[in-house]
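Structural description and commentary
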Amino acid sequence: MDFRLKVFYSVATNLSFTKASKELFISQPAISKHIHELEVQYKTPLFDRTGGRIVLTTAGELLLSHTNNLLTAYRQLDFEMNLLTDNVCGELRLGASTTIAQYVLPPILSSFVTKFPDIRVSLLNGNSHDIEKALREGKITLGLVEGNAR
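Residues numbered from 1 in each chain as written. Predicted model: local features only at pLDDT ≥ 70, side-chain atom pairs only at ≥ 80, totals over all residues. Heavy atoms only, no water.

**Overview of the overall build of the protein chain**
Scanning the protein chain from terminus to terminus reveals 6 helices and 5 strands. If you list the helices and strands of the protein chain from N to C, you get α-α-α-β-β-α-β-α-β-α-β. Along the first, second and third principal axes, the C-alpha set of the protein chain runs to 50 × 40 × 25 Å. For the protein chain, the proportion of its 150 residues judged to be buried stands at 32%. A sequence separation of at least 24 residues applies to 57% of the contacts in the protein chain between residues at least 6 apart. With 16 positive and 15 negative side-chain charges, the protein chain shows a spacing of 5 Å between the two charge centroids. (Helix = DSSP H or I, 4+ residues; strand = E, 2+ residues; numbered from the N terminus. Buried < 20%, exposed > 50% of the residue type's maximum accessible area, 1.4 Å probe, protein only. Contact = heavy atoms within 4.5 Å. Lys, Arg positive; Asp, Glu negative; His and termini not counted. Charge placed at Lys NZ, Arg CZ, Asp CG, Glu CD.)

And the structure:
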């Protein structure tokens, strides 16, 4: 997938150039450059920038919807191609509430990583509400919380 779309997706889901920069390990000016290139390509602003806040424009919302679909299609493609060769690899994006992340997951993840070294595991730690939100937004594949997040 076009790296600029990955940058856009990160900015759009975080609603922050700074958070996207940290998430993607690239500088803020590089983030701005990629967003600017997309805005030039589509001849429309993707974000409304007011003060220190950004929000998606209608065009930005449309691009985010399509980007979500593309990311889902790429993940499905990787999964199906790896099934053909019995290759167990990919990415597992977990989210867990603090107690689960600190006390339950460490021994489980240690065993998992040993058994499946070609699977990249990431863990988002937060309160139950944050984990539920991240799951709804597609930032994580699986969310683990204790009790009801509402």
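Structure's up, so let's keep going.
**Regarding the packing of helix 1 (residues 3-14) against helix 2 (residues 17-24)**
Taken N-terminus to C-terminus, the directions of helix 1 and helix 2 make an angle of 130 degrees; their axes are 8 Å apart at the nearest point. Accordingly, the angle class assigned to the pair helix 1 and helix 2 is oblique. As for the relative orientation of helix 1 and helix 2, their crossing is right-handed in sense. Residues Lys6, Val7, Ser10, Val11 and Asn14 of helix 1 touch helix 2, and the partners they reach there are Phe17, Lys19, Ala20, Glu23 and Leu24. Classifying every residue of the contact of helix 1 with helix 2 gives 5 nonpolar, 2 polar and 3 charged. (Axes fitted to C-alpha atoms, helices over the stretch in contact; angles between N-to-C directions. Parallel < 35°, antiparallel > 145°, perpendicular 65-115°, else oblique. Left-handed = near helix turned anticlockwise from the far one by under 90°. Nonpolar A, V, L, I, M, F, W, Y, C, P; charged D, E, K, R; others polar.)

**Focus: the packing of helix 2 against helix 3 (residues 28-42)**
Where helix 2 contacts helix 3, the axes come no closer than 9 Å and their chain directions differ by 105 degrees. The pairing of helix 2 with helix 3 is recorded here as roughly perpendicular in orientation. Contact with helix 2, carried on its side by Phe17, Thr18, Ala20, Ser21 and Leu24, involves Gln28, Ile31, Ser32 and Ile35 of helix 3 and no other residues of that element. Of the residues in the contact of helix 2 with helix 3, the class split is 5 nonpolar, 4 polar and no charged.

**Structural notes on the environment of Gln28**
Assignment of secondary structure puts Gln28 in helix 3. Separated by 10 residues in sequence, Gln28 and Thr18 have C-alpha atoms that sit 6.3 Å apart. Side-chain polar atoms of Gln28 contact the side chain of Thr18, separated by 3.3 Å. (Polar contact = N/O pair within 3.5 Å; in protein donor to acceptor, adjacent residues only side chain to side chain.)

**Observations concerning the packing of aromatic side chains**
Applying the stated criterion across every chain yields a total of 3 aromatic pairs. Arranged with centres 5.0 Å apart and planes meeting at 45 degrees, the rings of Phe112 and Phe116 form a pair that is tilted. Site record: aromatic cluster; members linked through ring pairs are Phe8, Phe17 and Phe47. (Phe/Tyr/Trp six-rings, centres within 6.5 Å; stacked < 30°, edge-to-face > 60°.)

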